[in-house]
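Summary of the model geometry
The lines below spell out each chain.
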Amino acid sequence: MHDLHNPGGSSRDFSTPAVRLVPERLAPTGLDLVAPLTLGAYQQAVSEPLRLSARDDRLALVVGNTRALWPLFLKAFQLQFDLQRAADPLDRYVEQALARALEGLPVLDVRFAHELPPRRVAIQRAADLAGMASLSPAHLSVHPIYGPWIALRALVVLDTPAPTRAPWPAAPCWEGCRRPCLEALQKALEVGWDPKKTWPAWVAIRDACPRGQRYRYSEEALRYHYARDRKALGLLSP
Ligand code: B12
Ligand code: SF4
């Protein structure tokens, strides 16, 4: 199977039904990035509190999204009262989309990127090992096509053998790059993290990266993600 979102994956065995079914089911929800890895690769790469309890040879799927998610999420938000009332409507939307996509599959665990310790998952590490996105010097995950303009949402573990035993790390994004993200990170660290005031300095880190610039998030999506501005969700927002 040709996987545009995971170019390094072409020589892996994608015949495992779940590896085809989950992306197919998730695509209409805007969760358009899915990459498989063997759970053991993740377990070896992280420290004990971040490990999951399943056999190393089981299939893990990293789930993420590009800006494709935003309009589909907004549409659902306008229609669903439960999303409008949720403390975090986007996280709730992701949970619902994934629950539907995993129906009938042998799910061992689902760890959402927004879960707090002790359920925290090192999702950037998993995305790197799966070949989905490189861990960048600015602590962003950088996709070969979409650059840093992606979000990582969940790690799913299924009771089915992984298509490969070895990790398939993403090609390092910094090779051949003069790393403008580092200067932008330095500036952001100087002003500090404040969703009300300093958030543009944090957006500037993504903007500094030459990769995937045409896949930049919309202004509304940026205001929602960085300034935590619920007005970006439209008129029905409470
Ligand atoms: C905690 C957290 C933060 C903390 C980081 C503090 C810290 N020292 O770890 C703070 C609040 C600073 C932060 C900021 C932001 N975050 Co954040 N964050 C997370 C979260 C929930 C957990 C990270 C973690 O603890 N991982 C476990 C550790 C052990 O993994 P690790 O591989 O060893 O370490 C990684 C991170 O901890 C991070 N990190 C480590 N030290 C530092 C220091 C700084 C200054 C920053 C920014 C990050 C950072 O980078 C490491 C990899 O290089 C993840 C989601 C997840 N579950 O992973 C999102 C996540 C990493 N964040 C994300 C984003 C987008 C942001 C922000 C842009 C805010 C926003 N509006 O969304 C900013 C700025 C990020 C940037 N580089 O520009 C995205 C990244 C997407 C991408 N394409 O890379 C993630 C994956 C969430 C998601 N749903 O997609 N974040
Ligand atoms: S600017 Fe270069 S090193 Fe920094 S995240 Fe982008 S590709 Fe990676």
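Here goes a summary of the coordinates provided.

Parameters and conventions
Residues numbered from 1 in each chain as written. Chains lettered and ligands numbered in written order. Predicted model: local features only at pLDDT ≥ 70, side-chain atom pairs only at ≥ 80, totals over all residues. Near = placed C-beta within 6 Å. Nonpolar A, V, L, I, M, F, W, Y, C, P; charged D, E, K, R; others polar. Helix = DSSP H or I, 4+ residues; strand = E, 2+ residues; numbered from the N terminus. Axes fitted to C-alpha atoms, helices over the stretch in contact; angles between N-to-C directions. Parallel < 35°, antiparallel > 145°, perpendicular 65-115°, else oblique. Contact = placed C-beta atoms within 7 Å. Pairing = 2+ DSSP bridges. Core = buried A, V, L, I, M, F, W, Y, C linked by C-beta atoms within 7 Å. Buried ≥ 20, exposed ≤ 12 C-beta atoms within 10 Å, placed from the backbone. Arc of directions from axis to C-beta. Expected span 1.5 Å × (residues − 1).

So, on to the site of ligand 2. Taken together, 15 residues lie near ligand 2, and S136, C173, C177, C181 and C209 sit nearest. Within the shell around ligand 2, the residues separate by chemical class into twelve nonpolar, one polar and two charged.

Neighbouring ligand 1 are 23 residues, the closest being A113, H139, L140, S141 and A151. Of all the secondary-structure elements, those providing two or more residues to the shell around ligand 1 are α6 (123-129), β6 (151-161), α8 (199-208) and α9 (219-226). In terms of residue class, the shell around ligand 1 is built from 16 nonpolar, four polar and three charged.

Between P117 and P118 the backbone carries a cis peptide bond, its omega angle lying at 10°. Mapping P118 onto the fold places it in the loop between β3 (107-112) and α6. Phi is positive for R179, which is not a glycine, with a value near 60°. Along the polypeptide, R179 turns up in the loop between β6 and α7 (180-191). Phi angles above zero are rare outside glycine, and R228 is one such case at about 50°.

Let us look at the packing of α7 against α8. Between α7 and α8, whose axes approach to 8 Å, the crossing angle comes to 175°. As judged from the angle between their axes, α7 and α8 are roughly antiparallel. Across the interface between the two elements, P180, C181, A184, L185, K187, A188 and V191 of α7 pack against A201, W202, A204, I205 and A208 of α8. Grouping the constituent residues of the contact of α7 with α8 by class yields eleven nonpolar, no polar and one charged.

So, about the sheet that holds strand β2 (residues 58-65). If you walk across this open sheet you meet the four strands as β1-β2-β6-β3, and the pairing is antiparallel. Only two strands of the sheet have a single neighbouring strand rather than two, namely β1 (33-38) and β3. Across the sheet, the mean angle separating the axes of adjacent strands is 20° when strand polarity is ignored. Note: β2 against β6, eight bridges, orientation antiparallel.

Moving on, we come to the nonpolar core. One recurring pattern in soluble globular proteins is that nonpolar side chains are buried together. Of all hydrophobic cores here, the largest spans 69 residues; its most connected members are L37, A60, V62 and A126. Once residues within four sequence positions are removed from consideration, A126 is found in contact with L37, Y42, A60, V62, V121 and L155.

We now examine the environment of C173. Turning to its location among the elements, C173 is positioned in the loop between β6 and α7. For C173, a count of 25 C-beta atoms within 10 Å translates into the label buried. Along the backbone, C173 and C209 are 36 residues apart, and their C-alpha atoms lie at a distance of 9.9 Å. Setting aside its immediate chain neighbours within four residues, C173 contacts S134, S136, V142 and R211.

Within the secondary structure layout, P71 lies in helix α3 (residues 69-79). Take P71: there are 13 C-beta atoms within 10 Å of it, and that puts it in the partly exposed class. Residues P71 and A221, spaced 150 residues apart in sequence, show a C-alpha to C-alpha distance of 9.2 Å.

All of the buried residues in helix α1 (residues 17-26) are A18, V19, V22, P23 and L26. Summarising the axial view, the buried residues of α1 lie within an arc of 120°, below the 170-degree limit, and thus occupy one face. Residues of α1 that are exposed and point over 90 degrees away from its buried face: P17 and E24. Where α1 is buried, its residues touch β1, β2, α5 (89-101) and β6.

In a regular helix each residue adds 1.5 Å, so 13 residues correspond to 18 Å; α5 covers 18 Å between its end C-alpha atoms and thus fits that length. Listed in full, the buried residues belonging to α5 are P89, L90, R92, Y93, V94, A97, L98 and A101. Buried positions along α5 lie against α1, β2, α3, α4 (81-85), β3 and β6.

Right, let's get into the environment of R111. As for its position among the elements, R111 is in strand β3. Separated by 70 residues in the primary sequence, R111 and A41 have C-alpha atoms spaced 16 Å apart. Setting aside chain neighbours within four positions, we find R111 in contact with L52, R119, V121, A154 and L155.

These values are about where atoms sit, not about what they do.
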